[in-house]
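Per-entry structural report
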Amino acid sequence: MKYLEFNDISNVVSFSNPVENVDISMSSPAALFFSDFEKTEPLIVDASTNADLASLLMLKARAKLTLVVDSDCKFLGVISPDEVSDQRINAELSKTVRRESITVADLMVPKAKIKGFEVDEVEHADIASVIHHLKENGQQHCLVVDNKKNEIRGIFSASDIAKKLGVPINVQDTSNFYRVFSALAS
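Now for a look at the structure at hand.

**Structural notes on helix α6 (residues 158–165)**
Within the span of α6, buried status applies to Ala158, Ile161, Ala162 and Leu165. Along the axis of α6, the buried positions cluster into a sector of 100°, meaning they face one direction only. Phi for Gly166, located one or two positions after α6, is positive at around 75°.

This is how it looks when you write it as structure tokens:
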């Protein structure tokens, strides 16, 4: 056994970050860009969680999208900070007596309204194809599913992709110019 020694850490002020692959481009494999739940634990919240608490938890975790599960940890849908915003909660108040009774289940996007990429397709696509699809559909996020196992395999985030590529990606701007340009580039 090797002898280890504790060291003083009082001068430490930052954290290590994953080293990014510097040789990435729009033609890089899409699989390099999604958060793979076989490698990282997904952020989840129980559907019965109070909406205000969920908002606070998402803010602390800097989560842009969280998976919603039932008490048996079965996938029900997704929730983002937009869904648990004060504006959305206040809109629910017209249907409910008390703010405390509004839960994640009341505000989430149910899985029946969510589309995703099949993991087998992602493994054969480049990131430009994913970005095109996100922009074309005005989506900030897209789930990656493994239909053979009936499970969510991971998630793409436009902001994470932009950060890795070092380029801005505005998925909300699906202007006519972009649509015409995309059609001509195809």
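**Some thoughts on the packing of aromatic side chains**
For the structure shown, the criterion picks out two aromatic pairs. By the ring-pair criterion, three or more aromatic residues cluster together here, those being Phe34, Phe117 and Phe156.

**A closer look at the packing of helix α5 (residues 127–136) against α6**
The description of two helices packed together rests on the angle between their axes and the distance between the axes. Direction vectors running N to C along α5 and α6 enclose 140°, while the axes themselves pass 11 Å from each other. One element, α5, and the other, α6, form an angle in the oblique class. Once α5 is placed against α6, the crossing between them reads as left-handed. Of the residues in α6, those in contact with Ile127, Val130, Ile131 and Leu134 of α5 are Ala158, Ile161 and Leu165. Here the residues of the contact of α5 with α6 are counted per class, giving seven nonpolar, no polar and no charged.

**Details of the sheet that holds strand β7 (residues 141–146)**
Reading across the sheet, the four strands line up as β1-β8-β7-β6 and stay open at both edges, with mixed pairing between neighbours. The two strands at the open ends of the sheet, each matched to only one other strand, are β1 (35–36) and β6 (116–118). Pairing of β7 with strand β8 (residues 151–157) involves six bridges; the strand directions are antiparallel. Each residue of the ladder has a partner; that of Cys142, found in β8, is Phe156. Relative to β8, α6 is tilted by about 55°, and along the sheet it contacts β1 and β8.

Procedures and definitions
Residues numbered from 1 in each chain as written. Predicted model: local features only at pLDDT ≥ 70, side-chain atom pairs only at ≥ 80, totals over all residues. Heavy atoms only, no water. Buried < 20%, exposed > 50% of the residue type's maximum accessible area, 1.4 Å probe, protein only. Helix = DSSP H or I, 4+ residues; strand = E, 2+ residues; numbered from the N terminus. Arc of directions from axis to C-beta. Phe/Tyr/Trp six-rings, centres within 6.5 Å; stacked < 30°, edge-to-face > 60°. Axes fitted to C-alpha atoms, helices over the stretch in contact; angles between N-to-C directions. Parallel < 35°, antiparallel > 145°, perpendicular 65-115°, else oblique. Left-handed = near helix turned anticlockwise from the far one by under 90°. Contact = heavy atoms within 4.5 Å. Nonpolar A, V, L, I, M, F, W, Y, C, P; charged D, E, K, R; others polar. Pairing = 2+ DSSP bridges.

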